[in-house]
Amino acid sequence: MIQDIIPGTEEQLNKEMTTGYIGFDPTADSLHIGSLVPIILLIHLQKNGHKPVALVGGATGMVGDPSGKSEERNLLSEDVLNYNLSCVKKQLEKFLNFDTSLPNAAEIVNNYDWFKKITFLQFIRDIGKHITVNYMMSKDSVKRRLEGDNGMSFTEFTYQLVQGYDFYWLHKNKNCKLQMGGSDQWGNIVTGTELIRRKSSGEAYAFTCPLMTKADGGKFGKTEQGNIWLDAKKTSPYQFYQFWLNAADVDAERYIKIFTFLNKDEIDTLLLQHKGNEHQRILQKKLAEEVTCFVHSRDDHNFAVKASEILFNNDTAEILQQLSEDQLLQVMEGVPSVEFPKAELDAGMDIVSFLSTANIFPSKGEAKKMIQNGGVSINKIKKDDVTFTINSNLLLNQKYLLVQKGKKNYYLIIAL
């Protein structure tokens, strides 16, 4: 989990309880799985007796970090930022121990609390004079943007100074000696250590973790539906579980070492079991279990396992009947849906007419042929009788029908 490290960091951590921080970006009302790596770093820090500080960037969120970006991002209003901050705080409280009776209790700070008191003239006089433009221009994140077509605004150029001041403020007011973050933050982080050294002759340390990537070059944490969020309302626990379950072998081997708290022996055993039995997805199942239980709950994991079987196994009609509407819609996320008049189902219609009217088959002839060949299931029960009647008694939760055509094509009929 370590990419770059300032010399002396390991010695500092072995010497005494050290306060360390990571910044979180409040540009959305939930963190996504890219934020899991810094969260896990803070958990490891606390588990080893050190004090974790999570900084939510109420001030920096108004500016925008150029690191890893090709364009300037939209700046958020104060109301939206404050709402996002409260949501992010709630999520962080789930993972870290904030019990104030502990000497290394976790803390959450918001950099807007100190920046709102500083005037622009104060900042350029007291902070700006300590860091040269040459030093700032040498950072990779700045170089890349300056060489790009859109250039870089002064607002974004000042970001590393603003982040550097965060470290200085925490060093001075919270005795914080360590900053961690993704490897794209290295330039911003060392600006902070440099500011502490020049402004107060203090000692500061840092390390970064590698940025998460996928072996196929795709962006980690992105699916066709978008980001994988930590908020169950934005990404259902079932979809969350599926993301980890579908990891490529080479990715799962790396992810299980980073995203779980399994010890080295357990991971080595899993890797041995997986080798030669890749089709069983032993590694992916364990990875998906550990991360889903960590972010959501054991019950959510158990449901996700059960739900995964519904579409991929044949004898799951009974499980399908037991699902609540919310659970059913989680499982059917990504399944094409077709609206159908409920009045026609109340009256009842033969299966061939139903399948062609719902446009699941282009013609009655094709529907009839597929039914006779055993290729059609309703609610996971095979229907090979072309005279079978489809009516509203079959509806799941009084509203839905699951139609399967062939082995892999599913359609969710919504009766309206």
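Everything numeric in this text was worked out from a predicted model, so none of it was measured. (Residues numbered from 1 in each chain as written. Predicted model: local features only at pLDDT ≥ 70, side-chain atom pairs only at ≥ 80, totals over all residues. Heavy atoms only, no water.)

Some thoughts on the confidence of the model for the protein chain
Right, on to step 1. A residue-level look at the protein chain finds 96% of positions with pLDDT of 70 or above and a mean pLDDT of 90.
Right, on to step 2. Note on residues 69-73: pLDDT is under 50 here. Beyond four places in sequence and across chains, it has 16 contacts. (pLDDT = per-residue confidence, 0-100. Contact = heavy atoms within 4.5 Å.)

Focus: the packing of helix H11 (residues 237-245) against helix H14 (residues 282-295)
Right, on to step 1. Between H11 and H14, the shortest axis-to-axis distance is 8 Å and the interhelical angle comes to 145 degrees. Read as a crossing pair, H11 and H14 show a hand that is right-handed. The segment H11 lies against H14, with Pro237, Phe240, Tyr241, Trp244 and Leu245 engaging Gln284, Lys285, Leu287, Ala288, Glu289, Val291, Thr292 and Val295.
Right, on to step 2. Of the residues in the contact of H11 with H14, the class split is 9 nonpolar, 2 polar and 2 charged. (Axes fitted to C-alpha atoms, helices over the stretch in contact; angles between N-to-C directions. Helix = DSSP H or I, 4+ residues; strand = E, 2+ residues; numbered from the N terminus. Left-handed = near helix turned anticlockwise from the far one by under 90°. Nonpolar A, V, L, I, M, F, W, Y, C, P; charged D, E, K, R; others polar.)

Digging into the environment of Gly221
Right, on to step 1. Structurally, Gly221 can be placed in the loop between strand E5 (205-209) and strand E6 (222-223).
Right, on to step 2. Assessed through its relative accessible area of 5%, Gly221 is described here as buried.
Right, on to step 3. Distance in space between the C-alpha atoms of Gly221 and Ser35 is 10.0 Å, their sequence separation being 186 residues.
Right, on to step 4. Among all residues touching Gly221, those that are not within four sequence positions of it are Ile33, Gly226, Asn227, Ile228 and Phe243. (Buried < 20%, exposed > 50% of the residue type's maximum accessible area, 1.4 Å probe, protein only.)

Some thoughts on helix H12 (residues 249-258)
Right, on to step 1. Of the positions making up H12, those classed as buried are Asp251, Ala252, Tyr255, Ile256 and Ile258. For H12, the buried positions fall inside an angular range of 160 degrees around the axis, keeping them on one side.
Right, on to step 2. As for H12, its buried residues are in contact with helix H2 (36-47), H11, helix H13 (264-274) and H14. (Arc of directions from axis to C-beta.)

Digging into the sheet that holds strand E14 (residues 409-415)
Right, on to step 1. With mixed pairing, the 5 strands of this open sheet are ordered in space as E8-E14-E13-E10-E11. Among the strands making up the open sheet, the edge pair consists of strand E8 (337-340) and strand E11 (381-382).
Right, on to step 2. As judged from the 3 bridges shared by strand E10 (residues 376-378) and strand E13 (residues 400-405), these two strands associate in the antiparallel manner. Counterpart to Val376 in the pairing with E13 is Lys405. (Pairing = 2+ DSSP bridges.)

With respect to the packing of aromatic side chains
Right, on to step 1. Summed over all chains, the structure comprises 18 aromatic pairs.
Right, on to step 2. Between Phe220 and Phe259, the aromatic rings sit 5.6 Å apart at their centres with planes inclined by 20 degrees, giving stacked as the arrangement. Taken as a pair, Phe220 in the loop between E5 and E6 and Phe259 in the loop between H12 and H13 lie far apart in primary sequence, 39 residues in all.
Right, on to step 3. With relative accessibility at 10%, the residue Phe220 sits in the buried group.
Right, on to step 4. On the basis of relative accessibility, which here comes to 1%, the residue Phe259 falls in the buried class.
Right, on to step 5. Connected via pairs of aromatic rings, a cluster forms that spans Phe220, Phe240, Phe243, Trp244, Tyr255 and Phe259.
Right, on to step 6. Lying over the aromatic face of Trp229, Lys234 brings its terminal NZ or CZ to 4.9 Å of the ring centre.
Right, on to step 7. Across the ring face of Phe361, the terminal group of Lys405 is positioned such that the distance to the ring centre comes to 4.9 Å. (Phe/Tyr/Trp six-rings, centres within 6.5 Å; stacked < 30°, edge-to-face > 60°. Lys NZ or Arg CZ within 6 Å of the ring centre and 35° of its normal.)

Digging into a nonpolar patch on the surface
Right, on to step 1. A contiguous nonpolar surface patch, about 460 Å² in accessible area, is contributed by Phe120, Leu121, Ile124 and Phe154.
Right, on to step 2. Per-element accounting of the nonpolar patch gives the leading share, 3 residues, to helix H5 (residues 120-126).
Right, on to step 3. Here Phe120 is to be found in helix H5.
Right, on to step 4. Residue class for Phe120 comes out exposed when judged on its relative accessible area of 53%. (Patch = residues over 30% accessible without salt bridge, like charges linked within 9 Å, V, L, I, M, F, W, Y side chains within 5 Å. Areas by Shrake-Rupley, 256 points an atom, 1.4 Å probe, with all protein chains shown as cover. Salt bridge = Lys/Arg side-chain N within 4 Å of Asp/Glu carboxyl O.)

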